[in-house]
Structure formats: C-alpha cells, structure tokens
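Below, each chain spelled out in residue letters.
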Amino acid sequence: MTRHLYKSLKVLASLAFLLCLSSSLPAQHSSPRIISNHFASTPAAERNELKFDDFVIAAGTASGQPLLKPPMLLVGRESGAEPQSAVSKAIRESERHFQSGKFLLQESKPEEARREFDLAVDLLLDLPEDTPERQVAERRAEELVRLIHRYSLESFGAQDQETPKVVQSPLPAMLDMTFPIDPAMTNKVLAQVAATSSQLPLVVNDAVLSYVNYFTSERGRKVLYAGLRRSGRYKPMISRILDEEGVPQELIFLAQAESAFMPQAVSRAAAVGMWQFVRFRGKEYGLAADKMSDERLDPEKATRAAARHLHDLYRQLGDWHLAMAAYNCGPFCVERAVQRTGYADYWELRARNALPRETRNYVPAILAMAIVSKNLAAYGLEPVIPDQPLECDTIQMTADTSLALVADAADLPVSDIRDLNPSLLRGVAPAGYQVKVPHGRGNVVLAALDTVPGEKRRAWRLHRVTEGETLASIARRYSTAASSIVAANPSANTASISSFDGGEILLIPALAKAEPAAKASRTRGTAAHARAASTRRTPVKVAATSARSASRKPVAR
C-alpha cells in the first residue's frame, strides 16, 4: 500500500477512537498484555537466580513473517550481536508507544492514549521511502490500526467480554419477500446455467428468476456481497468437508442463505450457528451443548454435521432439491407432502403448495445465489474480494482458562480470541477444550500458559511491563495488591520494575469475577413464572398455540 493510504487508515482509526470516547462509557475490562518473567526452557530450580540485567527481550527480525510481534520470553544477551536495522528500531520503539497507549487506555486517560497510539503509527509511516524492507513496517502499521480500534472498543465497553455477540439470521426476512421477474433476464440466465459446471442441478424457472432479480438489485446485491466477502474465512474448510462427505460444493450457499457465514447467527426459531441447527438436531449429529459451550457455533464441527445431515437426507429422499427442502422444514414434513400428493419432486410439491411458505422460497433462493455468484460479471456485478481464510493453531486446555489470559498470551484483544472460538458461551475455556489461536502462535501461548499455575488460570492474568510503569499502577489496573504481584513474581519489586526495559512479563494474581446472586435469582424467578404460566393454559389454548407454531418458520435442521 502507499504511504497516503496508511495515513488515511491512521486518520480513520483516530476517528473511530474519538467515536468510542464520545459514548462516555466507563472502562469495564482490562486490556490484554503479555507474558511472564520466567524462562520457558530454564529449569524451575534456576529461574530465581536469573537477573533481569543479564537478559534482553528477543527482537523480531525485519523480515519476520508475523505481522504482530509474538509474546517474547526473556533470552540471554548475545555478545557481538549485529546492530538493529532502522526498521527493527522503529518497530521496537513503536511497540513501546503502543503498549503505553494500552496502559493509558485502561487508566481512563484516552487523550494521552491517543497520542501514544499516534506516535506508534507515525514512527512506522515516517520511515523514508527508500528504507530497506520498509514494507515490514507498513504491514505492522496496518495491523496497529486494526488493533487500536479493537482495544478502543473493548476499553469503552462497546464489546462485552463476558457475553458472546449474537446476530440475527438474515434468512427469515429474505424468504418472507416476493420479488418481480425481469423477462429480459430469462435468456441470459438460461445461457449462463447451460455453460456452468455444477454438482448441484441448477434449475431456471420463475421462482429462481425472481431471486436472481433480487440478488442483482441494489438491495439484494448488498446481501450477496456481504456473504461472499465473509465466506473467504471459511470456504477452504467448508469445501474440503463437503468433498469428504460427498455433498455438492454448491451447497456452501446454503450456509450463506442461513447465516451469511456468521457463526453466532440465531434465528427466531432458536436455530443457531453458521448452519442453523436446532438443539435436538445438533445433538443427533454430535454437536454437544452445555452452559459453557455450544458446538453448533463451532464453524468446523457444525459444517461437518451439516454435510452429514444433507448426505443422509439425500439418501433418504433421493433428490438434492428435496434434501435442501428437508434441511429447512424437516424430513418428515417433506415425506408427508410426498405421501399426500404422490409426487417425489420438489417443484411439483412447491406448485401444489404442499410445503411451508418459507420452504417454497428456500430452494429457489439458494439456487439463484449459486447462479449469480458463479458469474458475477455476467449480471453486471463487481468482483468481490473475500476475507482471508482463517488459519489457526489449536491448543488443548489442561485447566479451566479465561480467554482474557489466552489473549494476554497471544498479545491480542480478547475479542480476537472470541472470534476464533465462537462456540464458547462464557469467558472461560473448560479443561480439555481445544482453543484456537492465530496460526504460528500456538507454542508461544502454551509456553506462556505454562507459567501460570493450573488452578489459577481462570482468574490470573499476564502483563507486559511498559516503560515507566510502577507496581502500584499495575496493581491498580488489575484490582490487586502490589505485594501479591511481588509474591507471584519473586524477581519483581519496585527497584526491578523501574529498571525494566519494557516488554518484560509479570504474572498478575487477579481475582475471578463471581456471577451476581441477584442475577441468578431473577433468572430462576423468571423461569418459575414461565412454568406457572404454562400450566394455566387450557387445552384449547395449547392447541391454538401449536397450530400457530406449525404455520411459522420450520425449525428442523
């Protein structure tokens, strides 16, 4: 990217920061820092003998691949080390300002934090154009802009770190509509379908044409583009699983219709996840759910379950269009329609109104999405640049571990860790759970977590010391005592903290947050009230409610 583009990115980040500031919400959480004052490879008996004066933080090379500097443990200073390049020095100094900005943000000093963040970005952008390997500094500047925005949002309460975000499924609104048919488009669509290779039978009729017209309209184009863009994160994984399970590749558009590739999507019928499983169907295909996690929200596990469910429906019904319909309204609904009419053909069942209204629009919408997406240019649509595929390392938790601690270890905002682990319903990954972290950071995170006692990982934090910090300021941030920090870090005291070069890691013995008792009692009271209300309904009212439910959106997945 050009220098001017990065300057624009910095301005946009500053505007986003000021927007968060204007909300005047109090800071509720501590932003992640980084890791311990222990040597991962040093025997435990020798660790207390290490002196900080004998060590320096390992610096990343200017040609290093990671865009973010990974959390660094202390390493011995090498004699005769080569001097740092201009880019390495700029990245190191920029990192100091960035860490200082994070600290000031948590100290409720947003103006000072903004100045530090600006300095962090300026140091990288102000390098001369002819500086060797300047592109490394530019990549880091781009990443800093994104991180500054995420940390700002979290610090001002724009994102709740204890409750995962939930989004509404886009499907119901789309299937409740009817769209006009453009007669001039019929021949074009027929020609495109004839020239298109597809594992799924692509049909062109009035129902499909109406949705082709919708997805090429101004409104429908936005819906289509949003899904196609987000699909880049998951498409390699989904394509692999569909191929392994013997399912047509075009059924990836089923996930686009169901959720627009949003793992946290929830429908009005309590179907959740990228593939919109209701609880009983998810359990049938091995998707476990409890108060800590829900595997229906796990993109890879849910994709595997959806592919197997679709393959089973195809074997049961013998037709992919009927299988798609059964995915929406349930196999028994389709089988009853076939028995009533005598036709085992989706289009005949649709013409006879033998299927629910939403299911009658469900298959045409997905086929139209596949037809348009396969050749956007033919319909006058601009090409879509998909998001980068998510590449992760998977690490297994050996004890209950807070996601904030994992974020500290990875040197990322906790929201980034949540995005990679949408199936976790709370801020804690239980023992045995496999947590995803950015690719290449798995070993670093594991080494950092190993410095925290297993029984403390639910509450304790890791903090990277910023130049100028004191034990008192660090203790105040995490609502703990300075003496507790010294007890957890024998080498940490007022004198050693003041001599830190910046980047050294401390264990923080923070306290776990208890769930308010009042909230739990209100929940029990609400549940009891609901049960009491349900027992008061007469049989006539129960029957009426069941009839209305049957006429609504089919929930079987």
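Residues numbered from 1 in each chain as written. Predicted model: local features only at pLDDT ≥ 70, side-chain atom pairs only at ≥ 80, totals over all residues. Heavy atoms only, no water.

1. Overview of the packing of helix α10 (residues 235–244) against helix α13 (residues 299–317)
Which entries qualify depends on this criterion: The convention used is that axes are lines fitted to C-alpha atoms, helices contributing only their stretch in contact, and that angles between N-to-C directions extend from 0 to 180 degrees. Secondary structure is summarised from DSSP: a helix means a run of H or I of at least four residues, a strand means a run of E of at least two, and numbering begins at the N terminus for each. Note that the term roughly parallel is reserved for angles under 35 degrees, roughly antiparallel for angles over 145, roughly perpendicular for angles of 65 to 115, and oblique for everything else. Less than a right angle of anticlockwise turn of the near helix away from the far helix marks a crossing as left-handed, whereas a clockwise turn marks it as right-handed. Contacts: residue pairs with any heavy atoms within 4.5 Å of one another.
Interaxial distance between α10 and α13 falls to 9 Å at its minimum, and their mutual angle equals 30 degrees. As far as their axial angle goes, α13 and α10 are roughly parallel. For the pair α10 and α13, the sense of crossing is right-handed. In this structure, α10 uses Met237, Ile238, Arg240, Ile241, Leu242 and Glu244 to contact α13, whose residues at the interface are Pro299, Glu300, Thr303, Arg304 and Ala307.

2. Considerations on the packing of aromatic side chains
The line we're drawing: Any two rings among Phe, Tyr and Trp, with Trp reduced to its six-membered ring, count as a pair given centres within 6.5 Å; such a pair is stacked if its planes are under 30 degrees apart, edge-to-face if over 60, and tilted if neither. Throughout, exposure labels follow a simple rule: accessible area from a 1.4 Å probe, protein chains only, divided by the maximum for the residue type, with under 20% read as buried, over 50% as exposed, and the rest as partly exposed.
In total, this model carries 7 aromatic pairs according to the counting rule given. Ring centres of tyrosine 211 and phenylalanine 215 lie 6.3 Å apart, and the angle between their planes is 35 degrees; this geometry places the pair in the tilted category. Of this pair, tyrosine 211 and phenylalanine 215 both sit in helix α8 (residues 206–215), 4 residues apart, roughly one helical turn. On the basis of relative accessible area, tyrosine 211 is assigned to the buried category, the value being 2%. When the centroid spacing of 4.2 Å and the interplanar angle of 10 degrees are considered together, the rings of tyrosine 314 and tryptophan 320 count as stacked.

3. Structural notes on the side chain of glutamate 295
To keep it simple, the criterion reads: Polar contacts, as used here, are pairs of N or O atoms within 3.5 Å; protein pairs need one atom able to donate a hydrogen and one able to accept it. Residues neighboring in sequence count only if both atoms are side-chain atoms.
With respect to the helices and strands, the residue glutamate 295 is situated in the loop between α12 (279–284) and α13. One polar contact links glutamate 295 to lysine 301, side chain to side chain, over a distance of 3.0 Å. With sequence-adjacent residues up to four places away left out, glutamate 295 is seen in contact with Gly286, Leu287, Ala288, Lys301, Ala302 and Ser423.

4. A closer look at the nonpolar core
We apply this condition: In this description, a nonpolar core means a group of buried Ala, Val, Leu, Ile, Met, Phe, Trp, Tyr and Cys residues linked to one another through side-chain atoms lying within 4.5 Å.
Counting 71 residues, the largest nonpolar core has Ile238, Trp275 and Tyr327 as the members making the most contacts within it. The leading source of residues in this core is helix α17 (residues 357–374), at 10 residues. With residues near it in sequence (within four places) discarded, isoleucine 238 still touches Ile252, Phe261, Met274, Trp275 and Thr303. Listed in part, the 46 residues of the second largest apolar core include Val87, Val121, Ala407 and Ile505.

5. Let's talk about the pairing of strand β10 (residues 505–508)
To keep it simple, the criterion reads: Note: two strands are recorded as paired if DSSP finds a minimum of 2 bridges between them.
Side chains Ile505 and Leu507 of β10 all project onto a buried face; the interleaved residues Leu506 and Ile508 project onto the opposite face, where all are buried too. Examined bridge by bridge, strand β9 (residues 461–464) and β10 share 4 bridges and lie antiparallel to one another. The residue of β10 that forms the bridge with arginine 464 is isoleucine 505.

6. Topic: α10
Of all the residues in α10, the buried ones are Met237, Ile238, Ser239, Ile241 and Leu242. The inward-facing, buried residues of α10 contact α11 (252–259) and α13. A positive phi of about 70 degrees marks glycine 246, the residue just after α10.

7. Things to note about α11
By the criterion of burial, α11 is predominantly enclosed, with 8 of the 8 residues buried. Among the residues making up α11, those that are buried are Ile252, Phe253, Leu254, Ala255, Gln256, Ala257, Glu258 and Ser259. In the segment just after α11, alanine 260 is the residue with positive phi, at about 55 degrees.

8. Some thoughts on the environment of alanine 289
Looking at the element boundaries, alanine 289 is found in the loop between α12 and α13. You can call alanine 289 partly exposed: its relative accessible area is 31%. With 10 residues separating them in the primary sequence, alanine 289 and arginine 279 have C-alpha atoms 7.9 Å apart. Residues in contact with alanine 289, not counting those within four places in the same chain, are Arg279 and Asp294.

9. Describing the pattern of salt bridges
Defined as follows: Just to be clear on terms, a salt bridge is a Lys or Arg side-chain nitrogen sitting within 4 Å of an Asp or Glu carboxyl oxygen.
If you walk through the whole model with that rule in mind, you get 22 salt bridges. The salt bridge involving glutamate 245 is made with arginine 308; its shortest N-O contact spans 3.2 Å. Taken together, the positions of glutamate 245 in the loop between α10 and α11 and arginine 308 in helix α13 put the pair 63 residues apart, joining distant regions of the chain. Judged by relative accessible area, which is 17%, glutamate 245 ranks as buried. Put simply, arginine 464 and aspartate 411 hold a salt bridge, and the shortest N to O gap is 3.5 Å. Residue arginine 464 is found in strand β9, and its partner aspartate 411 is found in the loop between α18 (403–410) and α19 (414–420); the two are separated by 53 residues along the sequence. Each of the two residues, arginine 464 as well as aspartate 411, counts as buried. Because the salt bridges share partners, they merge into one network encompassing Arg240, Glu244, Glu245, Glu300, Arg304 and Arg308.

10. With respect to the environment of threonine 341
With respect to the secondary-structure elements, threonine 341 resides in helix α15 (residues 331–341). Accessibility expressed as a relative area gives 24% for threonine 341, which makes it partly exposed. Leaving out residues up to four positions away in the same chain, threonine 341 has contacts with Leu349, Arg352 and Ala354. From its side chain, threonine 341 meets the backbone oxygen of alanine 337 in a polar contact 2.9 Å long. Separated by 3.2 Å, the side chain of threonine 341 and the backbone nitrogen of tyrosine 343 make a polar contact.

11. Focus: the side chain of serine 402
Position of serine 402 relative to the elements: it lies in strand β6 (residues 401–402). Here the side chain of serine 402 touches leucine 405 through a polar contact of 3.1 Å, landing on its backbone nitrogen.

12. Description of unusual backbone geometry
Phi is positive for glutamine 276, which is not a glycine, with a value near 55 degrees. Within the secondary structure, glutamine 276 sits in the loop between β4 (265–266) and α12. Judged by relative accessible area, which is 0%, glutamine 276 ranks as buried. Phi angles above zero are rare outside glycine, and aspartate 411 is one such case at about 60 degrees. A residue is classified by how much of its surface remains accessible, and aspartate 411, at 5% relative accessible area, is buried.

13. Considerations on the state of the cysteines
Here is the rule: Here, the term disulfide refers to a pair of cysteine sulfur atoms separated by no more than 2.5 Å.
Counted according to the given criterion, the structure contains 0 disulfides. In this model cysteine 329 remains outside any disulfide bridge; the closest cysteine sulfur is found in cysteine 333, 3.4 Å from its own. The buried category is assigned to cysteine 333, whose relative accessible area is 15%.

14. What about the confidence of the model for the protein?
Rule in force here: Summary of the metric used: pLDDT quantifies the predictor's per-residue confidence within the range 0 to 100.
Looking at the protein as a whole, the pLDDT averages 76, with 69% of positions reaching at least 70. Throughout residues 17–81 the model reports pLDDT below 50, and contacts reaching past four residues in sequence, or to other chains, amount to 172 contacts. Every residue in residues 157–164 scores below 50 in pLDDT, and together they form 21 contacts with partners more than four places removed in sequence or on other chains.

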